[in-house]
Amino acid sequence: MKGLVTKSTGKWYDVKINNKIYKTILRGKLKIDNQLTNPIASGDYVELIKNKDVIINNIYKRKNCIIRKSNRNDKGHIMASNIDQLLILCSIKEPYTKISFIDRCLVSANYYNIKPIIVFNKLDILNKNELENLNIILKNYLTIGFDSFVISAKYNINVHNLLQIMEKNKTLVIGNSGVGKSTLINLLCNKSKQKINPISKKTKKGKQTTTFSEMFEINENSFLIDTPGFKEFQLYGIEKNEIKYTFPEFNKLRDKCKFNNCNHENEPNCNVKKNIDKTIWRKRYTSYLSIIKNL
Ligand SMILES: Nc1nc2c(ncn2[C@@H]2O[C@H](COP(=O)(O)OP(=O)(O)O)[C@@H](O)[C@H]2O)c(=O)[nH]1
Ligand SMILES: [Mg+2]
Ligand SMILES: [Zn+2]
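The residue numbering used here restarts from 1 in each chain and proceeds along that chain's sequence as written. All chains are assigned letters beginning at A, and all ligands numbers beginning at 1, according to the order in which they are written. Under the rules for a predicted model, residues below a pLDDT of 70 receive no local features and side-chain atom pairs below 80 are neither given nor counted, while totals for whole chains, interfaces and linings still include all residues. Water and hydrogen atoms play no part in the side-chain values, which are based on all heavy atoms of the structure.

Caption draft 1: Spatial organisation of the nonpolar core. Nonpolar cores are built from buried Ala, Val, Leu, Ile, Met, Phe, Trp, Tyr and Cys residues. Side-chain atoms within 4.5 Å join them into one set. The buried label goes to any residue with under 20% of its type's maximum accessible area, the exposed label to any with over 50%, and the partly exposed label to all in between, with areas taken from a 1.4 Å probe on protein chains only. Residues Phe120 and Tyr141 are the most contacted members of the largest nonpolar core, which totals 58 residues. Segments assigned H or I by DSSP are reported as helices when at least four residues long, segments assigned E as strands when at least two residues long, and all are numbered from the N terminus. At seven residues, helix H1 (residues 99-111) tops the list of elements feeding residues into this core. Aside from chain neighbours lying at most four places away, what touches Phe120 is Cys90, Ser91, Ile92, Ile102, Leu134, Ile137, Leu138, Phe149, Val150 and Ile151. If you look at the next biggest cluster of nonpolar residues, it comprises 20 residues, including Leu87, Ala153, Val179 and Ile185. The contact criterion used throughout is that any non-hydrogen atoms of two residues lie within 4.5 Å.

Caption draft 2: Layout of the domain arrangement of the protein. For every domain, the bounds stem from an assignment made automatically or drawn from a database. If you check the domain split of the protein, you get domain 1 (2-61), domain 2 (72-226) and domain 3 (240-294). Summarising the inter-unit geometry, the C-alpha centres of domain 1 and domain 3 are found 41 Å apart.

Caption draft 3: A look at the pattern of salt bridges. For this analysis, a salt bridge means a side-chain nitrogen from Lys or Arg found within 4 Å of a carboxyl oxygen belonging to Asp or Glu. Taken as a whole and assessed by the stated rule, the structure comprises 13 salt bridges. When the shortest N-O distance is used, the salt bridge between Arg62 and Asp44 registers 2.8 Å. With a gap of 18 residues between them, Arg62 in the loop between strand E5 (54-59) and strand E6 (65-69) and Asp44 in the loop between strand E3 (20-26) and strand E4 (45-50) connect regions that are remote in the sequence. Owing to a relative accessible area of 25%, Arg62 belongs among the partly exposed residues under this scheme. Between Glu249 and Arg284 there is a salt bridge, with its nearest N and O atoms 2.7 Å apart. Of this pair, Glu249 sits in helix H5 (residues 248-251) while Arg284 sits in helix H7 (residues 282-294), and the two are 35 residues apart along the sequence. Among the residues examined, Glu249 registers a relative accessible area of 7% and is labelled buried.

Caption draft 4: Seen up close, the coordination of the zinc ion (ligand 3). Coordination shells were defined by N, O and S atoms within 2.8 Å of each metal, extended to 3.2 Å for Na, K and Ca; water is absent from the atom set, which can make sites look incomplete. Taken together, Cys257 (SG), Cys262 (SG), His264 (ND1) and Cys270 (SG) make up the full set of protein donors to the zinc ion (ligand 3), lying 2.1 to 2.4 Å away. Sites are called tetrahedral only when four donors show all angles between 85 and 135 degrees, square planar or octahedral only when four or six donors show opposite pairs over 155 degrees and all other angles between 65 and 115, and irregular in any remaining case. One can describe the site at the zinc ion (ligand 3) as tetrahedral: its four donor atoms subtend angles covering 105 to 114 degrees at the metal. In terms of primary sequence, the donors binding the zinc ion (ligand 3) are separated according to C-x4-C-x1-H-x5-C. Each member of the pair, His264 as well as Cys270, is classed as buried.

Caption draft 5: Structural context of the pairing of strand E10 (residues 147-150). Bridge count for strand E9 (residues 115-120) against E10 is four bridges, and the pairing is parallel. The residue of E10 that forms the bridge with Phe120 is Val150. With the strands pointing away from the viewer, any crossover whose connection runs clockwise from the first strand over the helix to the second is right-handed. Between E9 and its parallel partner E10, the chain crosses via helix H2 (residues 128-144), and the hand of that crossover is right-handed. Strand pairing follows a simple DSSP-based rule, namely that at least 2 bridges must link the two strands.

Take a look at the structure:
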């Protein structure tokens, strides 16, 4: 039997076959992978066999998967497999999403060939100044060519704009804790009963409730995958000299750099650096430097 993993806890896995969810465990030999903390993630297609327990006997080849560096060690952690899009949920207030966080997610999406969508939530709590700031950020991302939206998940403002994009896709939702991932997923997925965490009055940050990535159904063909909140998105398995190619706006300029393998760092006559504050948004260039420094 072939099924779709909708939830993985590390101990047991929910696998969906024809609208029925099986609680399954993993066959021993599949557990061993020295590079990754989790051999299976939501979105994986697996082969089940029935013994006393229902056992995952095999994993089907993945179309793709998004891997980040584990918080606990240097291994990779698969966030989800076989996904079509990455929805980066952000907020410029309560909590503030760092531009470098967004850019790390964008690098990852580009590297794994997954379409990113940038969504700013909590439109309802922004004052005039904050709205102006958000519009600048939005304009910059749109100019680079990224689909970008502003919504309020809590008050269902502009969320309909997302629905069409979600249709017939598996979308991984990523974002700092407290940005509203569960609120958005509850709104879009009828059956989901995600726990919403009140923002702490002291820190204005969300607590982390979701511990494992889990897939929810918008309809028969459209799915959202919720990820556990985390503070930083650390890249995994990407070489430093590959990062520059994941910034589409750099690619348009690099032909005119003096060196054809220019890293746009300290090289003389770098056309990317020359264009900072022109066609290159300074914040993106800063993200770029911080990403390559941290690898
Ligand atoms: N004002 C406002 N609050 C929101 C919005 N979306 C979510 N929240 C609140 O933000 C807090 C965290 O939401 P939650 O969905 O648990 O965030 P998650 O950690 O990303 O899953 C809760 O108090 C939500 O009610 C929004 O659009 N506007
Ligand atoms: Mg949540
Ligand atoms: Zn250069």
